[in-house]
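# Coordinates in review
Here are the chains, one letter per residue:
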Protein chains: 2
Amino acid sequence: MSKGRLIIFSAPSGCGKGTMLEQILKNDKFCVSVSATTRNPREGEVNGVNYHFISREDFLKRVENGEFIEHAEYCNNLYGTLHSEVDRKINEGKNVILEIEVQGAMNVMKNVPDALSVFIAPPSVNELRRRLNKRGTETQEVIEERVSQAEREISCADKYDYIIINDALEDAIDDFFSVIRAEELKSVNQPSLVSDILNK
Amino acid sequence: MSKGRLIIFSAPSGCGKGTMLEQILKNDKFCVSVSATTRNPREGEVNGVNYHFISREDFLKRVENGEFIEHAEYCNNLYGTLHSEVDRKINEGKNVILEIEVQGAMNVMKNVPDALSVFIAPPSVNELRRRLNKRGTETQEVIEERVSQAEREISCADKYDYIIINDALEDAIDDFFSVIRAEELKSVNQPSLVSDILNK
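Keep in mind the model is a prediction, meaning the values are calculated, not measured.

## Let's talk about unusual backbone geometry
The phi torsion at C75(A) lies on the positive side, around 50 degrees, for a residue other than glycine. Among the structural elements, C75(A) can be located in the loop between β5 (68-74) and β6 (77-82).

Structure representation (structure tokens):
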């Protein structure tokens, strides 16, 4: 069985990342990475499924030991992705999707050079604004803040290996699977193939 | 309209290259390169369609001018691929497939660094031998000669960007189109995309 890949997956808010992920995860060659966190479990959350719940002391020790691919603090709680968590799943042949914002993604690219990075973009900033307005759930101020944030994120898209425009959902998902398949077919990613063909 | 790519396409004899090409060329984003040759046209052959028929003097002058991506001599006739022929089609947005044997492919990789190279391989050498035997059209000696030739070619497969196993034809064609789509989605191959998204 061949190993999986770590897939860095980023998209600005309003680009349909959640729906795309839901569809992708129906394919059992894909899974998401379970983060470690120092926050307390909420009702119904299961250790090892929703998060790996660990103490702040343990978390910081692991940071010091270089056990995290990336970590960050939000609202006084630490969150991060453990190398061990990702490696275990990759060795099981799974493609591990790490859904992460742009700054975290840049750190992961540095720490895991063979990770594959995919940026999901809207067809245009104006189309993104239309989508956010259409939801009708946010004030104009919040929408413009999100658009500005999206613009900052899109400016970094060319740091990713691939950029997929999510205009029609099915096409974007097809594009994602094409990227994954093509990566598998790269000769550098099939190092034992030539000798397998010759000796079988 | 975005530009196409030059696609180096190689496969040992018996790997279903012809059938694959036939299917691929049904998609009008793809075409084959028309070679230049010094041999005389056969009945029914049309200049500019089957070949560009040119004189030996003209051919050699063009070789000297560096107008060929690759060229070779067979049976006292010169054959080659002109940069101008490929560039014109690429600028029309076509992906130009150059069906070529391994040694020629290596030269093209050197002369056209942004060409995309795809090697089509059999699942195994033994399976290739079975396929050649099944045809029942060649002597055992010819078959073993072809198998040896295939082995030499397969040994070079890791010099190509991608290796696709042609086990089931439809899967191999899907793989080919995944490779082409993924290449289009590479951020380095979409240099103006970020500014397009931001400014539209």
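## Some remarks on the relation of the copies chain B and chain A
The relation between the two chain copies is a rotation about an axis coupled with a shift along that axis. Mapping chain B onto chain A calls for a screw motion: a turn of 180 degrees about the axis and a shift of 0.0 Å along it, with 0.0 Å RMSD after fitting. Here the copies are linked by what is in effect a two-fold axis. Measuring from the rotation axis to each C-alpha of chain B, the shortest distance belongs to S178(B), at 2.2 Å. Both copies share a contact surface, since 100% of the interface residues of chain B are interface residues in chain A too.

## A closer look at the confidence of the model for chain A
Considering every residue of chain A, the mean pLDDT works out to 94; 100% of them sit at 70 or more. Interface scoring of the predicted complex returns ipTM 0.92; its pTM is 0.92.

## Points about helix α3 (residues 83-91) of chain B
All names here are of chain B. Taken as a whole, α3 has its buried residues at E85, V86, K89 and I90. Considered in projection along α3, the buried side chains sweep an arc of 125 degrees and stay on one side of the axis. On its buried face, α3 is in contact with β1 (6-10), β2 (30-32), β4 (52-53), β5 (68-74), β6 (77-82) and β7 (95-99). Taken from the residues just after α3, G93 is the one with a positive phi, measuring 90 degrees.

## A word on the packing of helix α5 (residues 125-135) of chain A against helix α6 (residues 140-154) of chain A
Residues and elements named next belong to chain A. The geometry of α5 relative to α6 is characterised by a closest axis approach of 10 Å and an angle of 145 degrees between their N-to-C directions. By crossing handedness, the relation of α5 to α6 is classed as right-handed. For the pair α5 and α6, the contacting residues are V125, L128, R129, L132, N133 and R135 in the first and Q140, I143, E144, R146, V147, A150, E151 and I154 in the second. Of the residues contributing to the contact of α5 with α6, the split by class is seven nonpolar, two polar and five charged.

## Description of the state of the cysteines
In a disulfide, the sulfur atoms of two cysteines are held together by a covalent bond. Scanning the entire structure with this criterion turns up zero disulfides over all chains. Note on C156(B): no disulfide assigned, nearest cysteine sulfur contributed by C15(B) at a separation of 14 Å.

## A closer look at the sheet that holds β6(A)
Residues and elements named next belong to chain A. An order of β4-β3-β6-β5 is seen for the four strands of this open sheet, with the pairing classed as mixed. Across the chains shown, the open sheet's two edge strands, defined by having one partner strand only, are β4 (52-53) and β5. Bridge count between strand β3 (residues 36-37) and β4: two bridges; the pairing is parallel. Within the sheet, the bridge partner assigned to T37 lies in β4 and is F53.

## As for the interface of chain B and chain A
At the interface, 31 residues of chain B touch 31 residues of chain A. In total, chain B and chain A occlude about 2,700 Å² of area from one another, counting both sides; carbon and sulfur atoms represent 66% of this. The interface formed by chain B and chain A contains two salt bridges. A salt bridge links R181(A) to D175(B), with the nearest nitrogen and oxygen atoms 2.7 Å apart. Sorting the residues of the side of chain B that touches chain A by element identifies α5 (125-135), α6 (140-154), β9 (162-165), α7 (169-185) and α8 (193-199) of chain B as the ones contributing at least two each.

## Things to note about the packing of helix α7 (residues 169-185) of chain A against α7(B)
With their axes 8 Å apart at the nearest point, α7(A) and α7(B) run at an angle of 105 degrees to one another. The orientation of α7(A) relative to α7(B) falls into the category roughly perpendicular. In contact with D175(A), S178(A), V179(A), R181(A), A182(A) and L185(A) of α7(A), α7(B) contributes D175(B), S178(B), V179(B), R181(B), A182(B) and L185(B). Across the contact of α7(A) with α7(B), the residue classes tally to six nonpolar, two polar and four charged.

## Some remarks on the sheet that holds strand β8 (residues 116-121) of chain A
Through backbone hydrogen bonds, the strands of a sheet pair up, either in parallel or in antiparallel fashion. Residues and elements named next belong to chain A. Spatially, the five strands line up as an open sheet ordered β2-β7-β1-β8-β9, and their pairing is parallel. Pairing within the sheet leaves two strands with one partner each, and these edge strands are β2 (30-32) and β9 (162-165). The mean angle between the axes of side-by-side strands here comes to 30 degrees, regardless of whether they run parallel or antiparallel. Relative to β8, strand β1 (residues 6-10) runs parallel, the two sharing four bridges. Counted as the bridge partner of F9 is V118 from β8.

About the cut-offs
Residues numbered from 1 in each chain as written. Chains lettered and ligands numbered in written order. Predicted model: local features only at pLDDT ≥ 70, side-chain atom pairs only at ≥ 80, totals over all residues. Heavy atoms only, no water. Helix = DSSP H or I, 4+ residues; strand = E, 2+ residues; numbered from the N terminus. Least-squares fit on C-alpha atoms with pLDDT ≥ 70 in both. Contact = heavy atoms within 4.5 Å. pLDDT = per-residue confidence, 0-100. Buried < 20%, exposed > 50% of the residue type's maximum accessible area, 1.4 Å probe, protein only. Arc of directions from axis to C-beta. Axes fitted to C-alpha atoms, helices over the stretch in contact; angles between N-to-C directions. Left-handed = near helix turned anticlockwise from the far one by under 90°. Nonpolar A, V, L, I, M, F, W, Y, C, P; charged D, E, K, R; others polar. Disulfide = S-S within 2.5 Å. Pairing = 2+ DSSP bridges. Buried area = accessible area lost by both parts, 1.4 Å probe. Salt bridge = Lys/Arg side-chain N within 4 Å of Asp/Glu carboxyl O. Parallel < 35°, antiparallel > 145°, perpendicular 65-115°, else oblique.

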